[in-house]
Amino acid sequence: LNKKTYDILVLGLGGMGSAIAYELAKRGVSVCGVEQYSARHNKGGTHGESRIIRKAYPEKPDYVPLLNRSYELWDELEQHWPEELRNECGFLVAAPGDSPYLQDLDNAYQQHPTQHEQWNASEVRQHFPQFSLPESYRAYFDPFGGFLHVGRCLMAHQKLAERHGADLSFDEAVQSWESSENGITLKTNKQIVQAKKLIIASGAWMKPELAKYDIQLKIWRRVIFWYGEQLQFAPERFPSFVIEHQSTGFYGLPAVSDKGVKIGEHNIPFEIEKPEDADQPLTDHEEEVINRCVADIFPMLGSRHQFVKTCLYAVTPDHHFILDQHPEHENVLLAGGFSGHGYKFATVVGEVMTDLALEGKSNLPIDFLSLGRFFGK
Ligand SMILES: Cc1cc2nc3c(=O)[nH]c(=O)nc-3n(C[C@H](O)[C@H](O)[C@H](O)COP(=O)(O)OP(=O)(O)OC[C@H]3O[C@@H](n4cnc5c(N)ncnc54)[C@H](O)[C@@H]3O)c2cc1C
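Within each chain, residues carry numbers counting from 1 in the order of the written sequence. The predicted origin of the model limits local features to residues at a pLDDT of at least 70 and limits the giving and counting of side-chain atom pairs to 80 or more, whereas totals for whole chains, interfaces and linings rest on all residues. Note: side-chain values were computed over all heavy atoms of the structure, leaving out hydrogens and water.

Visitor: For the overall build of the protein, give the residues involved together with the corresponding values.
Guide: Comment: elements are numbered from the N terminus, with helices defined as DSSP H or I runs of at least four residues and strands as E runs of at least two. When its secondary structure is counted, the protein shows eight helices and 20 strands. In this treatment the radius of gyration is a C-alpha quantity, and the globule benchmark scales as 2.2 Å times the residue count to the 0.38 power. A compact globule built from 377 residues would reach a C-alpha radius of gyration of about 21 Å, and the protein, at 21 Å, matches this within 12%. Sorting the 377 residues of the protein into buried and exposed places 57% on the buried side. Here, residues are in contact when the closest pair of their heavy atoms is within 4.5 Å. Residue pairs at least 24 apart in sequence account for 73% of intrachain contacts in the protein once pairs closer than 6 positions are excluded. Residue burial considers only the protein chains on display, and all accessible areas are found by Shrake-Rupley using a 1.4 Å probe. Carbon and sulfur atoms make up 46% of the accessible area of the protein, which totals about 15,800 Å². Positive: Lys, Arg. Negative: Asp, Glu. His and the chain ends are not part of the count. Working definition for charges: the position is that of NZ of Lys, CZ of Arg, CG of Asp or CD of Glu. Side chains of the protein give 37 positive and 51 negative charges; the mean places of these two sets differ by 4 Å. Only protein chains enter the accessibility calculation, which uses a 1.4 Å probe; a residue is then buried when its area is under 20% of its type maximum, exposed when over 50%, and partly exposed in between.

Encoded structure:
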């Protein structure tokens, strides 16, 4: 690091911290970001080739305005980067016809009308013969959906932040920080840095900070499976998807490398105490659940996955994000609890957190993501 005093410090340079550092630097703010691991490490929540992006949002209609802005900002970012960042292969959501999940999606589309198609199981087969859905299932197709090349996006945010003057420091762990009227003093294992404000974007590592205020952030270990099949599952002929099957939720993304098509399970908790506990062998249950889904829905994939990786969800009590000021310190902001569905929002999170830090407010409707909801406000 070449200077020790900044306007804003960013703690954690995973998906969100990198996007925040980029937006701050782009606006000419002097920013320092500190990351305990390497630039694109695989110990947190932002690795594994790809992330689904979609406008179909049954999780809560309130996310849709944020998503719309997020899309604009991804497109803007892509203009400054030589590779494709977002692929519009489409997104399919399918579930038993009477599923509340589909009802919630219907509601979201009613509140925020967005182009989409509704298909029955045989119409899905006509468009995408790779899916073998039970006849009782219904599906929605989101033509805006697809995926983000997450490794490239992360690199774009970091490299472009540096190009705009951000100091990003890797392999440097923040050990403590203090907030006073004069600003922030942050200690790492290498140095002491000062700034006017601090933005914490520490993913699953935010758990102890939130616990001080009785907010329980749960850390879920997730397993991502890759199945070798490439050709039939390339983005030109296969969409990203979420399928509710046998009361749980599976997601998948087209093959973007020779590892093949990627599939994971979203809903069944596998809670761990701390992020470092993620590295345990695959359990029989985790394997059985995914094998059953693949055997039922994608019989052409066979039952053997070629490659497995673990990844972390940082899950809030209501599965919605936290974008707010720290409960105790005015000059500290929190961006966390992305609950396994946050990456598609990284660009808008960058914008919102920058606005909160610089203006004290955001013009986007983010009240539903404030901490007050946990304190009954
Ligand atoms: C398997 C899986 C699939 C997913 N699929 C999707 C999807 O399809 N679509 C979607 O939108 N989202 C998806 N998500 C969610 C999304 O990827 C995450 O919400 C998002 O990437 C989280 O970013 P983050 O910056 O909050 O956390 P992280 O990327 O984990 O970053 C936090 C960073 O803070 C650093 N840090 C913590 N403490 C310190 C310290 N003391 N000092 C220095 N550095 C520190 C950590 O090392 C880490 O790099 C998925 C997540 C997983 C795990």
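Visitor: Can you break down the site of the ligand residue by residue, with the values?
Guide: Nearness of a residue to a molecule or strand requires only that one of the residue's heavy atoms be within 4 Å of it. Around the ligand there are 33 residues in total, and Glu35, His41, Thr46, Arg51 and Cys311 lie nearest to it. Polar contact is the term for a pair of N or O atoms within 3.5 Å; when the atoms are in protein, one must be able to donate a hydrogen and the other to accept it, and sequence-neighboring residues count only if both atoms are side-chain atoms. Within the side chain of His41, one N or O atom sits 2.7 Å away from an oxygen atom of the ligand. With respect to the ligand, the side chain of Arg51 contributes an N or O atom lying 2.7 Å from an oxygen atom. When isolated, the ligand has an accessible area of 1,000 Å², and the protein chains bury 94% of it. Of all the secondary structure elements, the ones that give two or more residues to the shell around the ligand are helix H1 (15-26), strand S3 (50-53) and strand S18 (307-315). If you tally residues by element for the shell around the ligand, the top one is S18, at three residues. Each residue receives one of three labels: charged for Asp, Glu, Lys and Arg, nonpolar for Ala, Val, Leu, Ile, Met, Phe, Trp, Tyr, Cys and Pro, and polar for the others, Gly being one of them. For the shell around the ligand, a count of residues per class yields 16 nonpolar, 13 polar and four charged.

Visitor: Describe the sheet that holds strand S8 (residues 146-149), and please don't skip the residues or the numbers.
Guide: Spatially, S3-S8-S4 is the arrangement adopted by the three strands of the open sheet, whose pairing is antiparallel. Edge positions in the sheet fall to S3 and strand S4 (86-87), since each has one partner strand and no second. Any two strands with at least two DSSP-identified bridges between them are counted as paired. In this structure, S3 lies alongside S8, joined through four bridges in antiparallel fashion. Bridged to Arg51 within S8 is Leu148. Of the strands in this sheet, S3 and S8 touch helix H5 (residues 150-163), which is tilted by about 50° from S8. Orientation is described by lines fitted to C-alpha atoms, with helices fitted over the stretch in contact, and by angles between N-to-C directions that extend from 0 to 180 degrees.

Visitor: Residue-level account of the pattern of salt bridges, with values.
Guide: Definition used for salt bridges: Asp or Glu carboxyl oxygen within 4 Å of a side-chain nitrogen of Lys or Arg. Taken as a whole and judged by the stated rule, the model has 20 salt bridges. Arg69 is the partner of Glu351 in a salt bridge, and the nearest nitrogen-oxygen pair spans 2.7 Å. Placement of Glu351 in helix H8 (residues 346-359) and of Arg69 in helix H2 (residues 63-79) is noted, with a sequence separation of 282 residues between them. Of the charged contacts, one joins Glu83 and Arg152 as a salt bridge, the two residues approaching to 3.6 Å between their closest N and O atoms. Separated by 69 residues along the polypeptide, Glu83 in the loop between H2 and S4 and Arg152 in helix H5 bring together distant segments of the chain. Taking the relative accessible area as the measure of exposure, Glu83 reaches 33% and is therefore partly exposed. In this structure Arg152 comes out as partly exposed when scored by relative accessible area, which is 28%. Because the salt bridges share partners, they merge into one network encompassing Glu23, Lys26, Arg27, Glu76 and Asp355.

Visitor: Could you give an account of the pairing of strand S14 (residues 240-245), with specific residues and numbers?
Guide: Two faces make up the sheet, and in a regular strand the side chains alternate between them. In terms of residue burial, S14 counts as a mostly covered element, since five of its six residues are buried. Where strand S5 (residues 91-96) lies against S14, four bridges are found, and the strand directions are parallel. The partner of Val93 across the bridge, within S14, is Val242. Relative to strand S15 (residues 248-253), S14 runs antiparallel, the two sharing five bridges. Looking across to S15, one finds that Glu244 is bridged to Gly249. Linking S14 to S15, which pair antiparallel, is a turn of two residues; within it Gln246 sits at a positive phi near 50°.

Visitor: An account of the side chain of Glu351 is needed here, citing residue identities and associated values.
Guide: A residue is classified by how much of its surface remains accessible, and Glu351, at 11% relative accessible area, is buried. Of the polar contacts made by the side chain of Glu351, one reaches the side chain of Arg69; its length is 2.7 Å. The residues contacting Glu351, other than those within four sequence positions of it, are Glu23, Arg27, Arg69, Leu73 and Leu364.

Visitor: Can you lay out the packing of aromatic side chains for me, pointing to particular residues and giving the numbers?
Guide: Classification of ring pairs rests on two measures: the distance between centres of Phe, Tyr or Trp rings, Trp counted by its six-membered ring, which must be within 6.5 Å, and the angle between planes, read as stacked under 30 degrees, edge-to-face over 60 and tilted in between. Across all of its chains, the model carries 24 aromatic pairs by this definition. Ring centres 4.9 Å apart and planes at 55° place the aromatic pair Tyr63 and Phe321 in the tilted group. With a gap of 258 residues between them, Tyr63 in helix H2 and Phe321 in the loop between S18 and strand S19 (322-325) connect regions that are remote in the sequence. Of the residues examined, Phe321 reaches a relative accessible area of 1% and is grouped as buried. When the ring of Phe321 is compared with that of Phe338, the centres are 4.9 Å apart and the planes differ by 55°; the resulting orientation is tilted. With Phe321 in the loop between S18 and S19 and Phe338 in the loop between strand S20 (332-336) and H8, this residue pair connects regions lying 17 residues apart in the sequence. For the pair Phe321 and Phe338, one class covers both residues: buried. Among the aromatic residues, ring-to-ring pairing joins Trp119, Phe128, Phe131, Phe141, Phe233, Phe238, Phe241 and Phe298 into one connected group.

Keep in mind these values describe shape, not function.
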